[in-house]
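Report on the structure
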Amino acid sequence: MFKSLQLTSIRPRDSLMQLALPAVIVSVFLGFGLVEPAMLSSGNIANVLKQGALFFFLAAAQLVVLITRGFDLSVGACVSLVSVAASMVMTAVTATAGPVTGVVAGVATGLLIGAAIGAINGTLVAYGRINPFVATLATMSIFGGLSTTISGGFPIFDLPRTFTFAFNEAWWLFLPAPVTIAVLVGLALHVVLSSTAPGRVLYLLGDSPAAAHAAGLKVRLHLCLAYVASGLLAALAGLLMTAQIGSGEPNLGTNLVLGSIAAAVVGGASLRGGRGTVLAPALGSLLVIGLSVGMNLLQINGQLQPVVVGAILILGAAFDMLRSRAR
Amino acid sequence: MLSLETTLPCEPGSQGKTARPLLQLHGICKSFGAFQALKDVTFDLRPGEVHVLFGENGAGKSTLIQILCGVQKFDSGRYELFGQDVAGLSPAEARRRGISVVFQEFSLIPEMTVEENLFLGHELTRNGRLAKSEMRKRVRAVLDRLGFDIPPAARVSGLRRAHQQMVEIAKALLLECRVLVLDEPTASLTDHEAGRLLAMVEQLRDEGLGIVYVSHRMAEIDRLADRITVLRDGRHIATLPRERASHGELIELMTGRTFEKFYPEIIRNVGPVLMRIEDLSLPRGLAKDVSFEIRGGEVLGLAGLAGCGKSEVIRAAFGLEQPTGGKIEVCGRTLHGNGPREAIAAGICYLPADRGREGLAMHQPIGANATMAALDVPEFSRRAFGLRLKAERAFTREIVDRLKIRTPDLNATPDQLSGGNKQKVMIARGMSRGFDIYLFDEPTVGVDVQAKLQIYDVIKSLAESGKAVVVASSELAEVLHLSHRLLVMREGAVVGSLEGTEATEDAVLSLFFDNTVANGKG
Amino acid sequence: GDIWPFDVVSINGDKPQTVAYTGLEKAEKPWNICVLFPHMKDSYWIGVNYGIVDQARKLGVRATILEAGGYTEAAKQVSQYNDCLAKGVDAIIIGAISEAGLAKSVEEGKRKGVVQVGVINPLKSDLVDAKIFANYDDAAEAGAKFIVDMTVGQPMKMVHFPGPQGSGWAEASTEGVKRAIAGSSVELLEAKYGDTGKSEQLRLVEDVLQAHDEVNVIFGTAVTAEVAGQALESAGIEDAVVASYYSNEGIVDLIGSGKVTATVTESPVMEARIAVDLAVRILEGKEHYNHLSPTMTVVTSANIGDLDLTRTFAPADWSPVYSVE
Amino acid sequence: MPLMLIAACLMAALYEPRFLKAANLMNVLRNASFLTVISAGQMMVMIVGGFDISVGAVVALTSVSTAMALVFLADWGLAGVGLLVLGCLAGLIPALLLGLCNGLFVSLGRISPFMVTIGTMSIATGLAAYVTGGSPIYNLPPLFLEILGNGRLLAIPGVAFIAAAVVLALWYLQSQSRHGRYFYAVGGNEKAARQTGIDTRKYICAAYVIGALLAGVTGILLTARVGSGEATLGGNLMLQSISVAVIAGVSLKGGVGNVQNIVFSAVFLSVLSNAMSLARIDSKYHVIVIGLVVLIAVWVEARAATMETSDV
Ligand SMILES: Nc1ncnc2c1ncn2[C@@H]1O[C@H](COP(=O)(O)OP(=O)(O)OP(=O)(O)O)[C@@H](O)[C@H]1O
Ligand SMILES: Nc1ncnc2c1ncn2[C@@H]1O[C@H](COP(=O)(O)OP(=O)(O)OP(=O)(O)O)[C@@H](O)[C@H]1O
Ligand SMILES: [Mg+2]
Ligand SMILES: [Mg+2]
């Protein structure tokens, strides 16, 4: 039955490449751990996981649009706006209807805003045929501005304890809440991307829009949906980060954009589209956060840290280049 | 099969007789990955001759030309230009030494104007500054001489394909050169425009230039050729002077096959009319009032030269081109022009000619490609949402087995497969859901003999199980032997319909090339 | 000059009270202290760095200093806090980016029995063992008040340049200014938000000078005051009052040359020293204050000569230190 | 584009006559000059089909390096024009190296411009902060500040002349010299350009170097203007320069765009932000308005492009 299967050397090399990144991550942790044992303490590991979980959502938001050969520069603005708006709704509703209703209302608001921002981006990119870079750059400016204006610039304090407890401090299923949520969302995203029709369409259209169109797939609709998903994931990140720091912050997401793209790409997503699984943001964010925590623990000069990160980004991209050239 | 001396001196092209060759290729080999496009090819060009390269699609003509002008590097062999060995010739160097090329795939910058394109890389300057009025004058001169009516300041991206072709020609003729290479320069020109070009080529030959000419148009070959080199499957078959090259000989050399045992016998069992195309017209004259019917159990062939509109008609039938007029009916229901989705739902399967662009997602697994058009079918998904990955895997295994796709494993992606296997993956799509009508455009491009036979088998079993099959191919023998009924197209119109014994190579060729040539060949 | 004593205001219940603070000579043990900074990109925080490091060296304690990289990095600071906890330090000194943001973490630290001291930036929480900070609105109020007093009766038109919108402290400073000028002859024409990069502030001042006819008070961030001279010169305005509600090195020279009328300093170096001192005192179970606020000093050309600049800025050749052994 | 600019100016002038005051126009001119120089560099990179995220960081790094070079050379006893020229040239070295690094990685390494320039941005930002240790570099030679920062000629700010020189040079390059055409050719159709005999890698690399050098020049001019070497200079110039280029019709796909439109677009954005100030729109809404305007401009451009192609 398998006489037509001819084994070549492509596969083993490919799977070696797959193992390279986890190996790098493990050695980063072990390396830092050798110099500074606190790196491997259970407290620090939990901390890395928690930070990694927050970053994972942003990197996953990028992954979904990277698969379609796009970008989303507005994830940061989305995080900020969600943080502020959800907090405002949450505190207002809590005051009148109690914390549980407040939290539900706040979370719903946050997710709605994420979906709305995603829908606007998606419409501009898929139906307006505006380059994703420009479209999301403009929406980044607009929604970033909106988050600082509606909040008056001040953080929103006094979020209900229920919210910060449930989404930050509590342990769900033996893991800190953000990690549990990240694992659940990651699994869900994995299922959607790998074994549902819409997920499959994203890969196909990102790889070859013309072929997807000729196969009768709804190219523009799915492109738009990818941005909605990206907005939702960013909104989740915004909610969890808000729970973590305990207040709605109008500048919360400003500096997260470039890093989130970088994490997804270093983890194995491709700017040329059609590639990358949930492992990409998971590994990418573990690497980026592990590096950053490790450099902090080792007290590497804070001003030199960006230099290290920059060098690793270029190396990662070069690696991606070699990986695709090896095929 | 004929075997002819390759080094016969040639009589016509008077200057060519004694002069030393301008360029010589010895034993050139060239591979793209695992595919060997040129095998041990020998070629020479003398001053004052037109040397025609002749061969099927994919025979390696363009590849040879790209090696001549330094765009491609060759793997082994020797290249002598003006008596000098040039191993790593760069395009810039080639042009500096006097080789001008009209590429089959244009080398124009779409966002630049005609005159900017014409002088690209060779701008005239005065004191370091572009001499625009001087360039404008020379551009006008060359366009006038060619009789091309193109505004020099027009942007190339806004020009029709034929006009772009003219720009590409003018670009090659603008500069002084000793070797002129023309790769299907008249492919999209009308006779009138082509006539001026041919006259000019003759004049340049008389001025002593060496000219390499590629064309599928027999009339042009008859008019221009001094010598003809035939390539087949990347091999040099023969080089013969014009007098010794009758059309019959050329075509036999070109195809070199005994067809009877190569093509399967497909039993004809005509069923009902499944699809009817009426008065279909497409923009830019790509199709003019085309009408025909497609029946179940029958293979309908579409033949014609490149650019005759056969691909476009098929694409329009599938909803990939917007018709300017006409009607497409499937089983009595008119399609509304809502694109491929509507066509697929109506049971049409289209397998594009350009598998790289429209057929396959090169970096997705075989299974994803094979089921691409069937994600909404219950066999592969629940409510068009959750994929049945097991069923997909079983299907992948089945097609890999049945089509004998040679692949490292079931998860391989098309970019890891050879051309023929890529083609088979695309064809597998036809088995992913219950289609009734199959539209094949160039089903065997870049496909080796073995794979061709397998693809023909697929076509045979489809037709014999009552499906309607349309095969458009520029490989004449292929359509001739596969189809029960053959439509011949020329310049967007159906010029003939041949059935049974009428469908002979001669009859088709006479419809292909204008009748005069065919008659003359008699 | 001598470091100690330094006058600070002790806030205890409702009665603020000025006290002369004197630090310890030496710590009993080389305690491990972790210090969190929002960033170290300007001379203000470099000064804080100097104060912390110098005092830690004097006392003989270990310090690890982490910077988050900017005011947008609240989440990163939380993670740095957790890094500190993970390392098992004795005390954490917090220059908070977001006071609410750290509240959760502070609680956790409290549970783990780590000594926590807030410095420079407000921390509402009573969970920290001690804190010393000046409020931005107070600083802005002090500066604006000075202008009100200086120009009594004259109608003044002021534009305030608080800093980046959404930062919280910029918005707070606007509140302070409004409080100070309420009922005075100083009119606030506009509060013009913008990043504290020099070129951005310069452009804002230039635009404002064209948008309003008779601006004669430019008030705002230290950067605003630094670049205001350029803009005023270009606009041909000569007798405008320029003042800032916090100071940086650049401003000192400008005060000396009269190009900037006044600035406010709360002596961040001293705040930092006291924060370290407080942490050690608490660790060693000594008597300590719980809530201190530095005295605001309005600096003008008249008093700049007397001012001990080592209480406000790091020495010129100081470069940030991230670890004290 | 010129029409949009004229409309914006007219509206600004009608709504607020102060707009036409000489001093105000000079402010607009000065800011437009900075924006023009850096965006012209971004345009060169975009014409060859890339884009450069690192320009803002290059501005900061150049500010620091120039200030350090000037202070160092002045300590050495250099003075006068020699000091200025040497200092600025030395200050541009990091920009040159960074541009070269971008260009080589993109052209030879075939790595995506996004990742390369995001990496160099991070590196440049870190280096600038590290070298200054966080505090600005003061005590720049007065001559530097006088000439480059405040210099005026015929009441027009000196930077405007420098921007004009840059624009003129690029205009000459783009429309009068053969090399300029090759940049377009490379961005328009790299394969065809190579077939025509153009060394495409050379031009891609050159574009990144020009982009970084012009960012460096912007850094020097801003340094002179604000009076100190700052590691935080130019924070938002990356996004601004891309916006200017996109509004000027430079295509992200490459091969399209010219420096004249960059001037219009830079002036347009400067007028827009100046007019918002003059009209006393709350500064909190400025970013929102700018985002909307960019979106509208790009949408109009996209419409125009589809109309053009559907004509044929
Ligand atoms: N890759 C492509 N190449 C050419 N044309 C395309 C491509 N993608 C989309 N189009 C054009 O866009 C139109 C709609 O495309 P498609 O059917 O894929 O979108 P859709 O998501 O189904 O849209 P809707 O949901 O609004 O029906 C078609 O008319 C087609 O011409
Ligand atoms: N860049 C490439 N990569 C892989 N294969 C290629 C490449 N270029 C050409 N080929 C293959 O080489 C073979 C020869 O191609 P070539 O273009 O020379 O044919 P041709 O004789 O010019 O055909 P036509 O008449 O269709 O123009 C074809 O099978 C083609 O698929
Ligand atoms: Mg060819
Ligand atoms: Mg065809």
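Attention in this report is confined to the structure presented alongside it. (Residues numbered from 1 in each chain as written. Chains lettered and ligands numbered in written order. Predicted model: local features only at pLDDT ≥ 70, side-chain atom pairs only at ≥ 80, totals over all residues. Heavy atoms only, no water.)

Residue and element names in this part refer to chain A. Relative orientation of the contacting elements helix H8 (residues 197-207) and helix H10 (residues 219-245) amounts to 105 degrees, with a least axis distance of 10 Å. Between H8 and H10, the angle falls in the class roughly perpendicular. From H8, Pro198, Val201, Leu202 and Leu205 reach across to H10, where they touch Val219, His222, Leu223 and Ala226. Taken together, the residues of the contact of H8 with H10 break down into 7 nonpolar, 1 polar and no charged. (Axes fitted to C-alpha atoms, helices over the stretch in contact; angles between N-to-C directions. Helix = DSSP H or I, 4+ residues; strand = E, 2+ residues; numbered from the N terminus. Parallel < 35°, antiparallel > 145°, perpendicular 65-115°, else oblique. Contact = heavy atoms within 4.5 Å. Nonpolar A, V, L, I, M, F, W, Y, C, P; charged D, E, K, R; others polar.)

A few words now on the interface of chain A and chain B. Counting residues at the interface gives 32 residues for chain A, matched by 38 residues for chain B. Across the interface of chain A and chain B, roughly 3000 Å² is buried in total on both sides, 58% from carbon and sulfur atoms. The interface formed by chain A and chain B includes 1 salt bridge. At the junction of chain A and chain B, the tally comes to 8 residue pairs in polar contact (both at pLDDT 80 or more). Put simply, the parts of the chain that give the side of chain A that touches chain B at least two residues each are helix H1 (10-35), helix H7 (177-195), H8 and helix H9 (209-214) of chain A. Per-element tally for the side of chain A that touches chain B: the top contributor is H8(A), with 7 residues. Grouping the amino acids of the side of chain A that touches chain B by side-chain chemistry returns 16 nonpolar, 10 polar and 6 charged. (Buried area = accessible area lost by both parts, 1.4 Å probe. Salt bridge = Lys/Arg side-chain N within 4 Å of Asp/Glu carboxyl O. Polar contact = N/O pair within 3.5 Å; in protein donor to acceptor, adjacent residues only side chain to side chain.)

The next thing to look at is the state of the cysteines. One pass over the full model with this rule turns up 1 disulfide over all chains. Of the cysteine sulfurs around A:Cys78, a residue in no disulfide, the closest is that of A:Cys224, at 14 Å. (Disulfide = S-S within 2.5 Å.)

Turning next to a nonpolar patch on the surface. Residues and elements named next belong to chain A. A cluster of nonpolar side chains, Val26, Leu30, Leu40, Ile45 and Leu49, forms an exposed patch at the surface whose accessible area comes to about 380 Å². Mapped onto the elements, Leu40 comes out in the loop between H1 and helix H2 (42-67). Taking relative accessible area as the criterion, Leu40 reaches 40% and is therefore assigned partly exposed. (Patch = residues over 30% accessible without salt bridge, like charges linked within 9 Å, V, L, I, M, F, W, Y side chains within 5 Å. Areas by Shrake-Rupley, 256 points an atom, 1.4 Å probe, with all protein chains shown as cover. Buried < 20%, exposed > 50% of the residue type's maximum accessible area, 1.4 Å probe, protein only.)

The next thing to look at is the interface of chain D and chain C. Between chain D and chain C, the contact holds 33 residues from the first and 29 residues from the second. Interface of chain D and chain C: buried area, both sides summed, is about 2800 Å²; carbon and sulfur atoms make up 41% of it. The interface formed by chain D and chain C holds 3 salt bridges in total. A salt bridge links D:Arg30 to C:Glu206, with the nearest nitrogen and oxygen atoms 2.9 Å apart.

Right, let's talk about the sheet that holds strand S14 (residues 287-295) of chain B for a bit. Pairing between the strands of a sheet comes from backbone hydrogen bonds, and it takes one of two forms, parallel or antiparallel. Residues and elements named next belong to chain B. Reading across the sheet, the 4 strands line up as S14-S13-S16-S17 and stay open at both edges, with antiparallel pairing between neighbours. Each edge of the open sheet is held by one strand with a lone partner, namely S14 and strand S17 (333-334). Pairing of strand S13 (residues 273-282) with S14 involves 6 bridges; the strand directions are antiparallel. Each bridged residue has a counterpart across the sheet, and for Met275 the counterpart in S14 is Ile294. Contacts from helix H9 (residues 310-318) reach S13, S14 and strand S16 (325-330) within the one sheet, and its direction differs from that of S13 by about 115 degrees. (Pairing = 2+ DSSP bridges.)

We now examine the sheet that holds strand S22 (residues 468-472) of chain B. Residue and element names in this part refer to chain B. One open sheet accounts for 6 strands, arranged S18-S21-S22-S15-S23-S24; its pairing is mixed. Where the open sheet ends on each side, the last strands, each with one partner, are strand S18 (348-351) and strand S24 (493-499). Averaged over all neighbouring strand pairs, the angle between strand axes comes to 15 degrees, with direction disregarded. Here S18 pairs with strand S21 (residues 437-441) via 4 bridges, running parallel. When the bridges of S21 are listed, Cys349 appears paired with Tyr438. With respect to the sheet, helix H17 (residues 505-512) is in contact with strand S15 (299-303), strand S23 (485-490) and S24, its orientation differing from that of S23 by roughly 25 degrees.

A word on the nonpolar core. Of all hydrophobic cores here, the largest spans 463 residues; its most connected members are C:Ile92, C:Ile93, C:Phe219 and D:Phe114. If you count residues domain by domain, this core takes at least three from each of domain 1 (23-258) and domain 2 (272-513) of chain B. Other than its neighbours up to four places away in sequence, C:Phe219 contacts C:Ala140, C:Gly143, C:Ala144, C:Ile147, C:Met158, C:Val159, C:His160, C:Phe161, C:Val177, C:Ala243, C:Ser244 and C:Tyr245. (Core = buried A, V, L, I, M, F, W, Y, C linked by side-chain atoms within 4.5 Å. Domains from an automatic or database assignment.)

Attention shifts here to a positive patch on the surface. Residues A:Arg129, A:Lys218, A:Arg220 and B:Arg341 make up a contiguous surface patch of positive charge. Note on placement: A:Arg129 falls in the loop between helix H4 (99-127) and helix H5 (132-150). Since its relative accessible area comes to 60%, A:Arg129 is described here as exposed. (Lys, Arg positive; Asp, Glu negative; His and termini not counted. Charge placed at Lys NZ, Arg CZ, Asp CG, Glu CD.)

Another point: the pairing of strand S9 (residues 179-183) of chain B. Residues and elements named next belong to chain B. Summarising burial for S9: 5 of the 5 residues are buried, a large majority. Side chains Val179, Val181 and Asp183 project from S9 onto one buried face, and the interleaved Leu180 and Leu182 project onto a second face that is buried too. Pairing analysis gives 4 bridges linking strand S6 (residues 99-102) to S9, with the strands arranged parallel. Across the sheet, the residue bridging to Ile99 is Val179, located in S9. As paired strands, S9 and strand S10 (residues 210-214) are joined by 5 bridges and run parallel to one another. Paired with Leu182 across the strands is Tyr213, a residue of S10.

So, about the packing of aromatic side chains. Residues and elements named next belong to chain C. According to the stated counting rule, one finds 24 aromatic pairs over all chains in the structure shown. Both rings, one in Tyr50 and one in Trp318, keep their centres 5.0 Å apart while their planes meet at 75 degrees; by these two values the pair is edge-to-face. Of this pair, Tyr50 sits in helix H1 (residues 43-59) while Trp318 sits in the loop between strand S14 (297-300) and strand S15 (323-324), placing them 268 residues apart in sequence. Grouping aromatic residues by their ring pairs yields a cluster made of Phe37, Tyr44, Trp45, Tyr136, Trp169, Phe219, Tyr245 and Tyr246. (Phe/Tyr/Trp six-rings, centres within 6.5 Å; stacked < 30°, edge-to-face > 60°.)

Around ligand 1 sit A:Tyr127, A:Arg129, A:Pro209, A:Ala210, A:His213, A:Leu217, A:Lys218, A:Val219, A:Arg220, A:Leu221 and B:Arg341, and those are all the residues in its vicinity. Among the chains of the assembly, those with residues near ligand 1 are chains A and B. The contact in question runs from a nitrogen atom of ligand 1 to an N or O atom on the backbone of A:Pro209, over 3.4 Å. Within the contact set of ligand 1, an oxygen atom lies 2.6 Å away from a side-chain nitrogen or oxygen of B:Arg341. For ligand 1, the accessible surface in isolation is 620 Å², of which the surrounding protein chains cover 59%. (Near = heavy atom within 4 Å.)

Residues and elements named next belong to chain B. Even without glycine at this site, Ala384 takes up a positive phi of about 55 degrees. The exposure class of Ala384 is partly exposed, given its relative accessible area of 38%. Within the chain, Glu491 stands out as a residue other than glycine whose phi angle is a positive 50 degrees. Note on placement: Glu491 falls in the loop between S23 and S24. When its relative accessible area of 51% is taken as the criterion, Glu491 is described as exposed.

Everything listed here is a matter of geometry and, on its own, says nothing about what the molecule does.
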